[in-house]
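Given next are the chains, with one letter for each unit.
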Amino acid sequence: MTYKEYRAQALHDLKGFNELKRGVKSLEKRIDFLKKGDLYNGRDAQTKIMASFEGDSHVVRHLSQLEAMEHKLHCSRIYLENIENALALLSESDRELLTGFYINRQRLSVSSYAKKTYTDRTWLYRKAQRALERYIITYFGVSKEDTENS
């Protein structure tokens, strides 16, 4: 991958971080709901649906859907944990910049942060770029110089 691709992936990860967290929670609830649906039992507790062809197809569809969702949840959790670990390894100021610039970006957030820290907006943008570079090094293990020299 080129550094430009690593940077694009890092930006995508950070900007989609909150959506990913919400998606994981939602998927956990859907899986729990499907497991509690109890499609395996018939009208009474002793009767199993698997006795008919129609019941078999419902159970198989249910199980395959559940399995696919559990796989997606597993992959999403790993992805989320990797992003969180990379952020946790950064300094507090880098995390704050990345959160303000990419994760929880709001209108006029740069201006308000500049007023809060008594700095220039241009300086803040440069500092945020350096924080993003450190995130890329932490997450992917590559620096700009590594990709340019290879």
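Refer to the preceding data block for the structure.
Summarised in this report is the structure supplied together with it.

Calculation criteria
- Residues numbered from 1 in each chain as written.
- Predicted model: local features only at pLDDT ≥ 70, side-chain atom pairs only at ≥ 80, totals over all residues.
- Heavy atoms only, no water.
- Core = buried A, V, L, I, M, F, W, Y, C linked by side-chain atoms within 4.5 Å.
- Buried < 20%, exposed > 50% of the residue type's maximum accessible area, 1.4 Å probe, protein only.
- Helix = DSSP H or I, 4+ residues; strand = E, 2+ residues; numbered from the N terminus.
- Phe/Tyr/Trp six-rings, centres within 6.5 Å; stacked < 30°, edge-to-face > 60°.
- Expected span 1.5 Å × (residues − 1).
- Arc of directions from axis to C-beta.
- Contact = heavy atoms within 4.5 Å.
- Salt bridge = Lys/Arg side-chain N within 4 Å of Asp/Glu carboxyl O.
- Axes fitted to C-alpha atoms, helices over the stretch in contact; angles between N-to-C directions.
- Parallel < 35°, antiparallel > 145°, perpendicular 65-115°, else oblique.

Once that is clear, we can look at the nonpolar core. In this structure, L14, L87, L98, Y102, L132, Y135 and I136 are the most contacted members of the largest nonpolar core, which totals 32 residues. Put simply, the parts of the chain that give this core at least two residues each are α1 (3–15), α2 (17–36), α3 (53–89), α4 (92–103) and α6 (121–140).

Across all of its chains, the model carries five aromatic pairs by this definition. Measuring from centroid to centroid gives 5.3 Å for F101 and Y125, while their planes differ by 85°, and the two rings are edge-to-face. Placement of F101 in helix α4 and of Y125 in helix α6 is noted, with a sequence separation of 24 residues between them. Residue classification places F101 among the buried positions, given a relative accessible area of 6%. For Y125, a relative accessible area of 31% corresponds to the partly exposed category. Taken together through their ring pairs, the aromatic side chains of Y6, Y135, Y139 and F140 make up a single cluster.

Over its 13 residues, α1 runs 18 Å from end to end, which matches the ideal 18 Å to within 8%, given 1.5 Å per residue. Listed as buried for α1 are Y3, Y6, A10, L11, D13 and L14. Buried residues of α1, viewed axially, fall in a sector of 160°; they line one side. With respect to the buried face of α1, the exposed residues turned more than 90 degrees away are K4, H12 and K15.

What follows covers α2. For α2, built from 20 residues, the straight-helix expectation of 28 Å at 1.5 Å per residue is met to within 8% by its first-to-last C-alpha distance of 29 Å. Within the sequence span of α2, burial applies to F17, L20, V24, L27, I31 and L34. Looking straight down α2, one finds its buried side chains confined to an arc of 100°; they lie on one side. The outward face of α2, more than 90 degrees from its buried face, is lined by the exposed residues E19, R22, K25, K29, F33 and K36.

All right, on to the side chain of D94 then. Counting through the fold element by element, D94 comes out in helix α4. Among residues more than four places away in sequence, those in contact with D94 are A131 and R134.

Under the criterion given, the structure shown has three salt bridges. Among the salt bridges present, the one from R77 reaches E28, with a minimum N-O distance of 2.6 Å. With R77 in helix α3 and E28 in helix α2, this pair connects stretches of sequence that are 49 residues apart. Residue classification places E28 among the partly exposed residues on the basis of a relative accessible area of 30%. In this structure, the salt-bridge partner of D94 is R134, at a minimum N-O distance of 2.5 Å. Placement of D94 in helix α4 and of R134 in helix α6 is noted, with a sequence separation of 40 residues between them. Of the residues examined, R134 reaches a relative accessible area of 35% and is grouped as partly exposed.

Turning to the packing of α1 against α4, a few remarks are in order. Where α1 contacts α4, the axes come no closer than 9 Å and their chain directions differ by 85°. Our classification of the angle between α1 and α4 gives roughly perpendicular. Taken together, the residues of α4 that come into contact with α1 (itself represented by L11, L14 and K15) are L98, Y102 and I103.

The subject of this paragraph is the environment of I137. Secondary-structure assignment places I137 in helix α6. We classify I137 as partly exposed; its relative accessible area is 41%. With 131 residues separating them along the chain, I137 and Y6 place their C-alpha atoms 9.6 Å apart. Among residues more than four places away in sequence, those in contact with I137 are V142 and S143.

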